[in-house]
Amino acid sequence: MGGGSRPSDHLRPELADEGETSFTSSSTSDYHPDDSLLSASSGITESITGSASEEESAARDNRRWCKAYFDVLRHKPGDWIEEVGGTTAGDYEVPEAITLLLVGPRGSGKSTLVNRITRVFDDDLSAPDRAQVSHNLSATRGTCFLQEYMIPRKSKSLCIYDTRSLATNLPHDFRLLQRWMTRGVSHGEMVIRDSDDLEMRKNIKSMRRQGLFSPCKRRIVNFVIFVVDGLSVLKSMDAMDDQYNEILFETFNYPFLSFKDNKPAVVVTHGDELSLSERALIRTCLGDLLGIPPIKQIFDIPETMNAGTSEFDTELAIVDMLRYSIEHADRNLAFNQSYLLERIFHWIMERLHGYDVILEVVIISLCIIILFLRGIANLI
C-alpha cells in the first residue's frame, strides 16, 4: 500500500522487538478475521485463556496486531477474493483502490476517526490532522463536501471517504445514501440534502472553489463503516425518548448499505468520555439493537486515552476494523462484464439444448402418430 510507520512504534514497549520478529517468522495464511476482531481492553471482554499470564497475553496481542497491521498495509484490491462457485479472481471487477464509506449522524466522530486512523500509519507523528473536525456543532455546518483520504497517505490501494452527516429526516438521508451507493463518490463533490433550506444551499455553494462538477475520479463504494456516538447511544438508552437509537436502527438496516448478507462494520466513538462498564454496555446494547455480534463487528475506538484504555488497545481496534472492512469488501466485489456475458451465453445454450430435446420428442411423437394413422387407413 505504501509507506507507514514502523510497527514496533505501536507495540507494547516491553514486547516491541518480539512482536515485530514474531510476525516476520509467521505466515498470515493462518489468520482469520474472527480471530482478530476483539478490539476492546481486557476490562471490556474476557481473556481468551484465563490462565494466561499478562506477558503471554501481551505477546499474543502484539502478534495479532502485527498480522492485522501488515494485512492492511500490504493489501492489494482482490487479495481476499474467495474463488467459490466455480469462479476465479479474474472473474471479478477489481477496483484500483478499495473504497470504504463513513456514514453516521452528526457529531458521531467521522472526521475524528479519519485522523485517528491516519496516525496509526503515519510516518510523521507531528503532521497536522487531515480532516477538519467540528468542535462546536452549533457553530459549524460540518462536512459539506465528500473528502477522500488514502490510507496510508501515499497508498494507492485503500481510501476512506468522509461524508456529510445524516440528518433526522430518514427519507432524505436514504436518498442521499442511495445515490452514493449506486452512483459512487468523488473527492470534493458538493453534498446538498433535500431538507436544506435556501440559506444553507447558498452557503454551501459559496464554499465551493471549483465548477459544478467534481473533476476527480468517481469511485464505487466497496464497504460501509457506520460511525455512532457512544454518548448519544447511552443517553438514548437511559431517556424515555430513544429517537437516536431508532434512527441508528433504521439507517443501519437500510438495504443499500449492505452487500448481500454483509452489513456495515460499526465504530463507537467518544469512549474516552465513558467508563469501561458503560462502553461494554453500549456495545452489548448495539449488538442487540442492530442484530450483529458486539465483539466481532462493533469496534470501540475512542478519540483519546482514558484510565481504562491504552494507545495500543485503540490502535489494535483500528487495524482490526480496517482488516474486517477490507476483507468483506473483497468478498463482495461484483463480477466483471466478460464473466457475466460468458455465464449468460452458457445459460442460453443450456436452454436451447433443452429445447432440442423437446423438439426431438415432438418429431418422434408426430412420426409415430403418422405411422399409426397410416396403419389404420390400410386396415380400412
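Here, every reference points to the structure presented above.
Residues numbered from 1 in each chain as written. Predicted model: local features only at pLDDT ≥ 70, side-chain atom pairs only at ≥ 80, totals over all residues. Heavy atoms only, no water.

Glancing now at the packing of aromatic side chains. Following the criterion strictly, the structure yields 10 aromatic pairs and no others. Aromatic pair Phe223 and Tyr324: ring centres 6.4 Å apart, planes at 65°, arrangement edge-to-face. Within this pair, whereas Phe223 is found in strand β6 (residues 223-229), its partner Tyr324 is found in helix α9 (residues 311-331), the two being separated by 101 residues in sequence. These aromatic residues form a ring-pair network of at least three members: Trp65, Tyr69, Phe70 and Phe121. Cation over ring: Arg323 sits above Trp80, and NZ or CZ is 4.2 Å from the ring centre. (Phe/Tyr/Trp six-rings, centres within 6.5 Å; stacked < 30°, edge-to-face > 60°. Helix = DSSP H or I, 4+ residues; strand = E, 2+ residues; numbered from the N terminus. Lys NZ or Arg CZ within 6 Å of the ring centre and 35° of its normal.)

Take the pattern of salt bridges next. Overall, the coordinates contain 14 salt bridges when judged by the stated rule. Arg219 is the partner of Glu148 in a salt bridge, and the nearest nitrogen-oxygen pair spans 2.7 Å. Residue Glu148 is found in strand β2 (residues 147-150), and its partner Arg219 is found in strand β5 (residues 218-219); the two are separated by 71 residues along the sequence. Given a relative accessible area of 19%, Glu148 falls into the buried group. Owing to a relative accessible area of 12%, Arg219 belongs among the buried residues under this scheme. Where Asp194 meets Arg175, a salt bridge forms, and the shortest distance between an N and an O atom there is 2.7 Å. Taken together, the residues Asp194 in the loop between β4 (185-186) and α5 (198-207) and Arg175 in helix α4 (residues 170-183) connect sequence positions 19 residues apart. For Arg175, a relative accessible area of 44% puts it in the partly exposed group. Salt bridges here are not isolated pairs; linked through shared partners, they connect Asp71, Glu82, Arg323, Glu327 and Arg331. (Salt bridge = Lys/Arg side-chain N within 4 Å of Asp/Glu carboxyl O. Buried < 20%, exposed > 50% of the residue type's maximum accessible area, 1.4 Å probe, protein only.)

A word on empty space enclosed by the protein. Per the counting criterion, the structure on display carries 1 cavity of 30 Å³ or more. The space that makes up the largest cavity amounts to roughly 70 Å³. Together, Gly109, Thr112, Leu113, Arg116, Thr269, His270, Ile301, Pro302 and Glu303 line the largest cavity. Considering each element in turn, the lining of the largest cavity owes the most residues, 3 residues, to helix α3 (residues 110-121). Its residues assigned to classes, the lining of the largest cavity comprises 3 nonpolar, 4 polar and 2 charged. (1 Å grid on protein atoms, 1.4 Å probe; cavity = no way out; pocket = protein on both sides within 12 Å on 5 of 7 lines; lining within 4 Å. Points joined across faces, edges and corners; volume = space filled by probe spheres on them. Nonpolar A, V, L, I, M, F, W, Y, C, P; charged D, E, K, R; others polar.)

In this section: the environment of Tyr324. The buried category is assigned to Tyr324, whose relative accessible area is 7%. Between the C-alpha atoms of Tyr324 and Val72, which are 252 residues apart in sequence, the distance is 9.5 Å. Polar contacts involving the side chain of Tyr324 include one to the side chain of Gln297, which spans 3.4 Å. (Polar contact = N/O pair within 3.5 Å; in protein donor to acceptor, adjacent residues only side chain to side chain.)

Attention shifts here to a nonpolar patch on the surface. A cluster of nonpolar residues, Ile358, Val362, Leu366, Ile369, Ile370, Phe372, Leu373 and Ile376, forms a patch on the protein surface that exposes about 750 Å² of accessible area. Inspection of the secondary structure assignment puts Ile369 in helix α10 (residues 337-379). Residue classification places Ile369 among the partly exposed residues on the basis of a relative accessible area of 46%. (Patch = residues over 30% accessible without salt bridge, like charges linked within 9 Å, V, L, I, M, F, W, Y side chains within 5 Å. Areas by Shrake-Rupley, 256 points an atom, 1.4 Å probe, with all protein chains shown as cover.)

For helix α6 (residues 230-238), the complete set of buried residues consists of Gly230, Val233, Leu234 and Ser236. All buried residues of α6 fall inside an arc of 165° around its axis, so they share one side. In this structure, α6 carries Lys235 and Asp238 as exposed residues pointing more than 90 degrees from its buried face. Those residues of α6 that are buried lie in contact with β6, α7 (243-252), β7 (265-269) and α8 (276-290). Of the residues flanking the start of α6, the one acting as N-cap is Asp229, its side-chain oxygen 3.1 Å from the backbone nitrogen of Leu231. (Arc of directions from axis to C-beta. Contact = heavy atoms within 4.5 Å.)

With 7 of its 7 residues buried, β6 lies for the most part within the structure. The sheet contact formed by strand β1 (residues 98-103) and β6 spans 4 bridges and is parallel. Residue Leu101 lies in a different strand from β6, and its bridge partner there is Val224. With 5 bridges joining them, β6 and β7 adopt parallel strand pairing. Looking at β7, one finds that Asp229 is bridged to Thr269. (Pairing = 2+ DSSP bridges.)

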